[in-house]
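The residues making up each chain are set out below.
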Amino acid sequence: MEGPRTARKPQRAELLAALSLAIDLGLGQPLEHMLRSCLIAMRLCDLVGADPTERETAYYGGLLAWIGCHADSEEFTELFGDDIAFRAASYEVDWRGPRFAALLVRHVGSARPLPAHAARLGSFALHAQAQMSALIGSHCVSAGALAARLGLPPHVTRGLTFTFERWDGSGLPSGARGDDIPLGMRIVHLADVVEVHLRLGGVGAATAVARERRGTQFDPVLVDVLLGNPDVLALDDEDVWDRAIRLAPDRDRSLTDEETDALLLAIGDFVDLKSPWTVGHSRAVSDLAAAAGARLGLPEADVAALARAGHVSDLGRMGVPNRVWRKTTTLSPADQERVRMHPYLTRRILARVDALRGIAVLAGAHHERLDGSGYPGGATAPDLRLPERILAAADAYQSLREPHPLRPASSDAEAARLLRDQVRAGLLDGPAVDAVLAGAGQPRPARGAWPAGLTDREVEVLRLLAVGRSAADVGATLHITPKTARNHIEHIYAKVGSSNRTGATMFALAHGLVGTPPA
């Protein structure tokens, strides 16, 4: 795989645009929904003469309006069965109309057996307003906190708390109405919804939904502007990503390395909130991977890349419903495929940022395995450099240490044992696992951690054998007799299933025993 390379430094808007793609996944929308709605919002800003503060609110609100919802994915799943399906369906109906009530009936308690479904639906009918208000209130708190960590100005942070308010005052959580809602967010309300209907039904469907909700959900003046200027909706020939980045309020400023690291840390924390048992996961993976890379003598650039990739490797998790992540039974083939696709989505999202393309390759490989049994690409050992092997080991170790609906958390010692089992099975790289475990404070056993049951001494012999050293040379280097060296070689051949040096060398390459620093 191509190694991490540092391109030009990224802009804040690029990282937030990438985050908006992950938000699209969690909304059940195609990639670039939020970017397209952002473009519509900025065109509306031009038409109504929005000032710079309002434009900035509309721009970042257009990208990130739904940022807080994913922090409540577990609660949405508990209530509505499938958090992503419910969010996608909610675009089709007016939240204050009879069709929304039908949507609630269809989704509330839908993941439960029939008697429990009926009981959950009955309970929700009695407490719907309070439960929805609590969910929306939680969203607003999360959105404000995340926006502040992303370095957005206070007026944008405040604006995001109005994401679910409505022009007529029937929204949540505060019931703000009319001009009490910032203009930038009133523009976002309209642009977000019409983009979905534009994509599904064309300009006619987009203008119809705007007209239908004029004066209830949407500012009537903005609707009239849209209806009088339907070319605002002409997006078919747009290079949406590039156009949106060029419109960024801070488009002339690149981030420093420290600012980039802080944003990636915040994005990782945001992704981890999707499931209660993954909170803090990306921070731990980042720390473990970077420490292991340094321990194995990687260049500083590769160590930094490991730290960054650890923070954002699970960005694609946003596209998998929590009902899948929390299952305690065997996943269906369809659900398995969704899980196996999340590293691909991570790579695809991060690769949109030129400065993160190397990070995208690394992050997208964290579930690959040396024997080709990993995902999403089924890469094998020759395809996986040492950084990819380290990140895979760090992620596997941290995942084992976290509780999961399928199993309790493993102790540090048990997680270490399970990782070493995967080394012996040919899935994970021995030096990478040892370095991760050393960084986690786990002692390395004297023997048994190498693939095929090789001992430490046999690994030393194999490394020399693989580079063409004779039994006599091996003996002289390791201060053993040539006869002892030949005995070791025969034992190696038997364990790795080979009858010659070439086969043993291929085994060493496949398991990362040569071409990497010794542990």
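Description of the structure in this document. Since the structure is predicted, the reported quantities are computational estimates derived from the model, not experimental observations.

What counts and what doesn't
- Residues numbered from 1 in each chain as written.
- Predicted model: local features only at pLDDT ≥ 70, side-chain atom pairs only at ≥ 80, totals over all residues.
- Heavy atoms only, no water.
- Helix = DSSP H or I, 4+ residues; strand = E, 2+ residues; numbered from the N terminus.
- Buried < 20%, exposed > 50% of the residue type's maximum accessible area, 1.4 Å probe, protein only.
- Areas by Shrake-Rupley, 256 points an atom, 1.4 Å probe, with all protein chains shown as cover.
- Expected span 1.5 Å × (residues − 1).
- Bend = angle between axes of the 7 residues up to and from the residue.
- Lys, Arg positive; Asp, Glu negative; His and termini not counted.
- Salt bridge = Lys/Arg side-chain N within 4 Å of Asp/Glu carboxyl O.
- Contact = heavy atoms within 4.5 Å.
- Phe/Tyr/Trp six-rings, centres within 6.5 Å; stacked < 30°, edge-to-face > 60°.
- Lys NZ or Arg CZ within 6 Å of the ring centre and 35° of its normal.
- Axes fitted to C-alpha atoms, helices over the stretch in contact; angles between N-to-C directions.
- Parallel < 35°, antiparallel > 145°, perpendicular 65-115°, else oblique.
- Left-handed = near helix turned anticlockwise from the far one by under 90°.
- Nonpolar A, V, L, I, M, F, W, Y, C, P; charged D, E, K, R; others polar.
- Core = buried A, V, L, I, M, F, W, Y, C linked by side-chain atoms within 4.5 Å.

Some points on the overall build of the protein
Then, number 1: Along the backbone of the protein there are 24 helices and 0 strands.
Then, number 2: Taken along its principal axes, the extent of the C-alpha atoms in the protein is 90 × 60 × 35 Å.
Then, number 3: Within the protein, the proportion of its 519 residues that are buried is 56%.
Then, number 4: When the accessible surface of the protein is split by element, carbon and sulfur atoms take 55% of a total near 20,400 Å².

Some details on helix H9 (residues 183-212)
Then, number 1: Across its 30 residues, H9 extends only 20 Å between first and last C-alpha, which sits more than 12% below the 44 Å expected from 1.5 Å per residue.
Then, number 2: At Gly-201, H9 is deflected by roughly 140°, the largest bend along its length.

Brief notes about the side chain of Asp-272
Then, number 1: Positionally, Asp-272 belongs in helix H12 (residues 257-272).
Then, number 2: Buried within the structure, Asp-272 lacks any salt-bridge partner; Arg-317 is the closest side chain of opposite charge, at an N-O distance of 6.2 Å.
Then, number 3: Not counting the four nearest positions on each side in its chain, Asp-272 is found in contact with Thr-278, Val-279, Gly-280, His-281, Ser-282 and Arg-283.

Here we look at the pattern of salt bridges
Then, number 1: Overall, the coordinates contain 33 salt bridges when judged by the stated rule.
Then, number 2: With a shortest N-O distance of 3.1 Å, Arg-389 and Asp-429 are connected by a salt bridge. Placement of the pair is Arg-389 in helix H18 (residues 386-400) and Asp-429 in the loop between helix H19 (412-424) and helix H20 (430-439), with a sequence separation of 40 residues.
Then, number 3: Of the residues examined, Arg-389 reaches a relative accessible area of 7% and is grouped as buried.
Then, number 4: Residue class for Asp-429 comes out buried when judged on its relative accessible area of 1%.
Then, number 5: Residue Arg-424 is joined to Asp-421 by a salt bridge in which the shortest nitrogen-to-oxygen separation is 2.5 Å. Within this pair, Arg-424 and its partner Asp-421 are both found in helix H19, separated by 3 residues, close to a single helical turn.
Then, number 6: A residue is classified by how much of its surface remains accessible, and Asp-421, at 28% relative accessible area, is partly exposed.
Then, number 7: A network of salt bridges, in which partner residues are shared, links Lys-9, Asp-257, Asp-261 and Arg-308.

Here we look at the environment of Ser-499
Then, number 1: When you line up the elements, Ser-499 lands in the loop between helix H23 (482-496) and helix H24 (501-510).
Then, number 2: Here Ser-499 falls in the exposed class, since its relative accessible area comes to 65%.
Then, number 3: Note: C-alpha distance between Ser-499 and Glu-414 (85 residues apart in sequence) is 35 Å.

A look at the packing of aromatic side chains
To describe a pair of aromatic rings, one takes the distance between the centres and the angle between the planes.
Then, number 1: The final tally for this structure, using the stated rule, is 7 aromatic pairs.
Then, number 2: Between Tyr-59 and Tyr-60 the ring centres are 5.0 Å apart and the planes differ by 90°, which places this aromatic pair in the edge-to-face class. There is no split in this pair, since Tyr-59 and Tyr-60 are both buried.
Then, number 3: Between Trp-66 and Phe-164, the aromatic rings sit 5.3 Å apart at their centres with planes inclined by 90°, giving edge-to-face as the arrangement. One end of the pair, Trp-66, is in the loop between helix H3 (52-64) and helix H4 (73-80); the other, Phe-164, is in the loop between helix H8 (154-160) and H9, with 98 residues separating them in the sequence.
Then, number 4: Counting every residue linked through ring pairs, the aromatic cluster contains Trp-66, Tyr-91, Trp-95 and Phe-164.
Then, number 5: Taking the ring centre of Phe-76 as reference, the NZ or CZ of Arg-87 above it sits at 4.9 Å.
Then, number 6: Over the ring of Trp-325 we find Arg-317, and its NZ or CZ is 3.9 Å from the ring centre.

A short note on the packing of helix H5 (residues 83-90) against helix H6 (residues 98-107)
Packed helices, taken two at a time, are described by their axes: the angle between them and the distance between them.
Then, number 1: For the pair H5 and H6, interaxial distance at closest approach is 11 Å and the crossing angle is 165°. The angle between H5 and H6 falls in the class roughly antiparallel. The two elements H5 and H6 meet at a crossing, and its hand is right-handed. Seen from H5, the contacting residues are Ala-85, Phe-86, Ala-89 and Ser-90; seen from H6, they are Phe-100, Leu-103, Leu-104 and His-107.
Then, number 2: Split by residue class, the contact of H5 with H6 holds 6 nonpolar, 2 polar and no charged.

Remarks on the environment of His-367
Then, number 1: Within the secondary structure layout, His-367 lies in the loop between helix H17 (357-363) and H18.
Then, number 2: On a C-alpha basis, the gap between His-367 and Gly-151 in space is 31 Å, while along the polypeptide they are 216 residues apart.
Then, number 3: Look past the residues within four positions of His-367 in its chain and what remains in contact with it is His-342, Pro-343, Gly-374, Tyr-375 and Asp-395.

Looking at the nonpolar core
Then, number 1: Residues Leu-150 and Ile-390 are the most contacted members of the largest nonpolar core, which totals 133 residues.
Then, number 2: The contact partners of Ile-390, leaving out residues within four places of it in the chain, are Ala-289, Ala-292, Gly-293, Leu-296, Leu-298, Leu-306, Ala-432 and Val-436.
Then, number 3: One finds Leu-465, Ile-489, Val-496 and Leu-513 within the second-largest nonpolar core, a separate group that totals 20 residues.

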